[in-house]
Amino acid sequence: MTVIHNLGFPRIGAKRELKFAQEAYWKGETTAAELQDVAKALRDRHWQNQAGFDFVPVGDFTLYDHVLDMSVTLGNLPKRAYEGGGDELDAFFRTARGRSPLDKGAGVAAGEMTKWFNSNYHYIVPEFDANTSFKLNPQRLLEQIKEAQALGVKSVKPVIIGPVTYLWLGKSKDDSDRLALLERLLPVYKQLLNELAQAGAEWVQIDEPCLVTTLDKDWRQAVKTAYHELNRTTPKILLTTYFSDFGDNLNLLHDLPVDGIHLDTINAAGEIHKLIDLLPATKVISLGVVDGRNIWKTDLNRLLDTLEPIRARLGDRLWLAPSSSLLHVPVDLDQEDSLDPEIKNWLAYALQKLEELRVLKKALDSGRDSVKAELDANAAALKARRESTRVHNPAVKARTAAVTKEMGDRKSPYAARAPKQHAAIKQPLFPTTTIGSFPQTAEIRKSRSDYKKGAISEAQYIADMQADIRECVKIQEELDIDVLVHGEAERNDMVEYFGEQLDGYVFTRFAWVQSYGSRCVKPPVIFGDISRPKAMTVKWSEYAQSLTQRPMKAMLTGPVTILNWSFVRDDQPRADTCLQIALAIRDEVLDLEKAGLGVIQIDEPALREGLPLKKEQWQAYLDWTVHAFRVCANGVEDQTQIHTHMCYSEFNDIMQAIADLDADVITIETSRSDMELLKAFDDFNYPNEIGPGVYDIHSPNVPSVESMVDLMEKALKQIPKERLWVNPDCGLKTRAWPETKAALANMVEAAKILRKKYA
Ligand code: GLN
Ligand code: ZN
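Rules used in this analysis
- Residues numbered from 1 in each chain as written.
- Chains lettered and ligands numbered in written order.
- Predicted model: local features only at pLDDT ≥ 70, side-chain atom pairs only at ≥ 80, totals over all residues.
- Heavy atoms only, no water.
- UniProt positions renumbered as here; feature names shortened; annotations may be inferred.
- Near = heavy atom within 4 Å.
- Polar contact = N/O pair within 3.5 Å; in protein donor to acceptor, adjacent residues only side chain to side chain.
- Areas by Shrake-Rupley, 256 points an atom, 1.4 Å probe, with all protein chains shown as cover.
- Nonpolar A, V, L, I, M, F, W, Y, C, P; charged D, E, K, R; others polar.
- Pairing = 2+ DSSP bridges.
- Helix = DSSP H or I, 4+ residues; strand = E, 2+ residues; numbered from the N terminus.
- Contact = heavy atoms within 4.5 Å.
- Axes fitted to C-alpha atoms, helices over the stretch in contact; angles between N-to-C directions.
- Buried < 20%, exposed > 50% of the residue type's maximum accessible area, 1.4 Å probe, protein only.
- Parallel < 35°, antiparallel > 145°, perpendicular 65-115°, else oblique.
- Left-handed = near helix turned anticlockwise from the far one by under 90°.
- Donors = N, O, S within 2.8 Å, 3.2 Å for Na, K, Ca; no water.
- Tetrahedral: all angles 85-135°; square planar, octahedral: opposite > 155°, others 65-115°.
- Salt bridge = Lys/Arg side-chain N within 4 Å of Asp/Glu carboxyl O.
- Core = buried A, V, L, I, M, F, W, Y, C linked by side-chain atoms within 4.5 Å.

The name given to the protein in an unreviewed UniProt entry is 5-methyltetrahydropteroyltriglutamate--homocysteine methyltransferase, and the organism recorded there is Cardiobacterium hominis. Taken verbatim from the UniProt record of the protein, the Function (unreviewed entry) comment is "Catalyzes the transfer of a methyl group from 5-methyltetrahydrofolate to homocysteine resulting in methionine formation." In UniProt, the protein has this text filed under Catalytic activity (unreviewed entry): "5-methyltetrahydropteroyltri-L-glutamate + L-homocysteine = tetrahydropteroyltri-L-glutamate + L-methionine".

Peer 1: Residue-level account of the site of ligand 1, with values.
Peer 2: Neighbouring ligand 1 are the residues Ile435, Gly436, Ser437, Glu488, Met494, Asp603, Pro605, His645, Cys647, Cys730 and Gly731. Between ligand 1 and serine 437 there is a distance of 2.7 Å, counted from an oxygen atom to a side-chain nitrogen or oxygen. Contacts to ligand 1 include aspartate 603, whose side-chain N or O atom sits 2.6 Å from a nitrogen atom. Burial of ligand 1 by the protein chains amounts to 92% of its free accessible area of 290 Å². Across the shell around ligand 1, the residue classes break down as 5 nonpolar, 4 polar and 2 charged.

Peer 1: Explain the sheet that holds strand β2 (residues 56-58) to me, using residue names and the numbers behind them.
Peer 2: Reading across the sheet, the 8 strands line up as β1-β12-β11-β10-β9-β8-β6-β2 and stay open at both edges, with parallel pairing between neighbours. Pairing within the sheet leaves two strands with one partner each, and these edge strands are β1 (3-4) and β2. Contacting β6 (156-161), β8 (203-207) and β9 (236-240), helix α7 (residues 182-198) runs over the sheet at an angle of about 165° to β6.

Peer 1: Please set out the environment of tryptophan 296 residue by residue, giving values where relevant.
Peer 2: Tracing the sequence through the fold places tryptophan 296 in the loop between β11 (284-290) and α10 (300-314). Here the side chain of tryptophan 296 touches asparagine 294 through a polar contact of 3.4 Å, side chain to side chain. A distance of 2.8 Å separates a polar side-chain atom of tryptophan 296 from the backbone oxygen of valine 568.

Peer 1: I'd like to hear about unusual backbone geometry, residue by residue, with values.
Peer 2: You will see that glutamate 488, though not glycine, has its phi angle at about 60°, which is positive. Tracing the backbone through its elements, the reader meets glutamate 488 in the loop between α17 (458-479) and α18 (496-499). Judged by relative accessible area, which is 10%, glutamate 488 ranks as buried. Although it is not a glycine, aspartate 662 sits at a positive phi angle of roughly 65°. With respect to the helices and strands, aspartate 662 occurs in the loop between α23 (655-660) and β20 (665-668).

Peer 1: Hey, could you go over the pairing of strand β16 (residues 525-531) for me, with residue numbers and the actual values?
Peer 2: The element β16 is extensively covered by neighbouring structure, given that 7 of its 7 residues are classed as buried. As defined by bridge partners, strand β13 (residues 503-506) adjoins β16 across 3 bridges and the pair is classed as antiparallel. The residue of β16 that forms the bridge with aspartate 503 is serine 531.

Peer 1: Give me the lowdown on the packing of helix α5 (residues 139-150) against α7, citing residues and values where you can.
Peer 2: Between α5 and α7, whose axes approach to 10 Å, the crossing angle comes to 15°. In terms of orientation, α5 lies roughly parallel with respect to α7. With respect to the hand of their crossing, α5 and α7 are arranged in right-handed fashion. Contacts between α5 and α7 involve Leu141, Leu142 and Ile145 from the first element and Leu192, Glu195 and Leu196 from the second. Taken together, the residues of the contact of α5 with α7 break down into 5 nonpolar, no polar and 1 charged.

Peer 1: Got a sec to walk through the UniProt feature "binding site: L-methionine" (unreviewed entry) in the protein? Specific residues and values, please.
Peer 2: UniProt feature "binding site: L-methionine" (unreviewed entry): in the numbering of this structure it lies at Ile435, Gly436, Ser437, Glu488 and Asp603. Taking the farthest pair of C-alpha atoms as the criterion, the annotated set spanning 169 residues converges on one region, since that pair is 12.9 Å apart. As for its placement among the helices and strands, serine 437 is situated in the loop between α15 (414-424) and α16 (442-453). For serine 437, a relative accessible area of 6% translates into the label buried. Dropping the residues within four chain positions of it, serine 437 is found in contact with Gly487, Glu488, Gly731, Leu732 and Lys733. Structurally, aspartate 603 can be placed in strand β18 (residues 599-603).

Peer 1: Could you give an account of the coordination of the zinc ion (ligand 2), naming the residues involved and the relevant values?
Peer 2: The protein atoms that coordinate the zinc ion (ligand 2) are His645 (NE2), Cys647 (SG) and Cys730 (SG), at distances of 2.1 to 2.3 Å. Around the zinc ion (ligand 2) sit 4 donor atoms; with metal-centred angles ranging over 91 to 123°, the donor geometry is tetrahedral.

Peer 1: Go over the pattern of salt bridges with me, naming the residues and quoting the values.
Peer 2: If you walk through the whole model with that rule in mind, you get 51 salt bridges. Aspartate 664 is the salt-bridge partner of arginine 417, the closest N and O atoms lying 2.7 Å from each other. In this pair, arginine 417 sits in helix α15 while aspartate 664 sits in the loop between α23 and β20, placing the two residues 247 residues apart along the sequence. Overall, the relative accessible area of 0% leaves arginine 417 in the buried class. Here aspartate 664 falls in the buried class, since its relative accessible area comes to 0%. A single network of salt bridges, built from pairs that share partners, joins Arg385, Lys397, Asp529, Arg569, Asp570 and Asp571.

Peer 1: Talk me through the nonpolar core; I want residue IDs and the actual numbers.
Peer 2: Core analysis: the biggest nonpolar cluster contains 101 residues, and Ile585 and Ile602 have the highest contact counts within it. What isoleucine 585 contacts, discounting residues up to four positions off in sequence, is Phe498, Met536, Leu556, Thr557, Ile562 and Cys632. Residues Trp47, Ile145, Ala201 and Ala363 belong to the second largest nonpolar core, which totals 99 residues.

Peer 1: Kindly report on the sheet that holds strand β17 (residues 553-557), identifying the contributing residues and their values.
Peer 2: Think of a sheet as strands paired side by side through backbone hydrogen bonds, with each pair either parallel or antiparallel. Spatially, the 5 strands line up as an open sheet ordered β17-β18-β19-β20-β21, and their pairing is parallel. The sheet terminates laterally at β17 and β21 (689-692), the two strands that pair on one side only. Strand-to-strand, the axes of this sheet are offset by a mean angle of 20°, without reference to chain direction. Sitting on the sheet, helix α21 (residues 574-594) touches β17, β18 and β19 (641-646), and the angle it makes with β17 is about 170°.

Here it is as structure tokens:
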């Protein structure tokens, strides 16, 4: 019998029930018991959704984040979380969000949040110091096992984060060595495994995704130590990785005392046979064959061609699963009542992916004929997608094929074009600007949504947006900002706004995935070749420029960010899709230039997050992303000034790539790290202009003039005054006007002080 199992189910619920329950509880509108009832109902429903699976995950559900849950299980919440009283749930939410519903006053500092490997899910970073100790708190897991058993779930498979990955994900607050804690951690894991076995778990899924990253000697040794130690407990261990291949870590596995290994074959197809050859004939091999990160139907027939011989070789040792937890895909495609039926037929969300696994099992155990109808329908859908004229646009393909490296080059080097730009826009020393968006007021949102619903006319909508642009221009002139923006009132989201106007994109109603806590995102779907039927932003920027003598900066989202924040095609390399987007945005750049916009900003906040998990693969990614950006941006005349913007810090290790973009100006987030970023400039001479953000827009605080002068003076130690801009960290759309005006007034004042002092 082929075993099918799941690594994790999306916890938010098909209708985002968890989000609404969390938010109601945080606002104090419901009780903890009511929140727990919703959570239990979701778990029960999700277990029922997994009927027919040989092993069903337990412990994958969480009220906020599964890494935070693991911290609770290991007794490792920060001490401050218990200040202010309450119970474990209060401490849990205080760590997650800085406050529990009990806290009327200030609450405590929330735990740091960061991206879960290369996904857009964010976890709460475990905190350690030299004195960290652990204490088992298995209640949540034990109760959920009982809950599942009471529902009649055949085989529960608890899911936990492994000890090495748990340490790897965390941060030491006193710079002590996290790995030194392994010794203290392992006894707690042993206890936990024993408890899980006693509760009836034959298998435990231990996630060790750090094994797909580049690990040094000490971390590799930690893996060996940990599993030799945990092997002495009773439940069988399925060591689970995902998102990439093992690479050099593969050779750790052959004598690792675990009972099975899970491999993500979507991202590590090349290692299937290596793994089979490596492992002793007693071990289970779980292949993640259905993509847990994307929303396309699996090609079942083609997959069976690969799996049938493997099944013949491995027999019952073959397990099948999604490549990763289904946390990263939406719940149920059947809900999409208004999606184009042709495209809908190409898609699979979590429930449909589980069904694919059921079909695969049957085909392997009872022959393909036993599921002929399902396999035929799948083949027909895949054929339709492959051949659809909506997917393939020969003109786009010809155009991308004809792209040359030279198309990414400016006409002159920075040193030659800078003086022309400075003359064209009368650029003063320490010029001031903002990152693009201004506060999105209730009126703006209402006008946008009324227009979408058809409740107001296009003329009315345009009038509303223009009124906002006029207001933004007036405010910026009064503040005496040098390079203005139109405010981005027309944009609900920096990717969606462009996706809606590009061919090759489709929008869903229900493709929600959890980003963090109660926050969900609905990435648009790139299904076909990308092209731009007509200009997307020109009328807004042109209007804004017509209102002022000062230079107006036009705003675009860059190709890499558009790519990284969408569900992408799986039938061509990401680099190809990215280049198609780059050409579409290039056309927009050139149209803006033609319309008289002399300054154009192309945002790439998501450039860094797309980096591969293994450092040795970084350069290849940076090569095609930098090329795409250059093709998009660099077709303009010398006197047109190209800006780019990046946030979320930590650019030090990709400085060369950022410089290679050859943007004239980069505005970058730094103020939260107190200009730490600028350390990178000690050994890297950034050649063009840079605006290190001096105003942290993530908080309503109004920074003082002195603090901003101070930050700029730090920057002056690394970068000559002729190449420095003064600007906030990021866009201001989440802020309110009063604090925004006050902060920008101080920012302009700071620039004027600097101008006087350094003229
Ligand atoms: N131009 C965008 C804005 O100001 C940039 C947003 C971002 O960097 N995430 O909102
Ligand atoms: Zn930003």
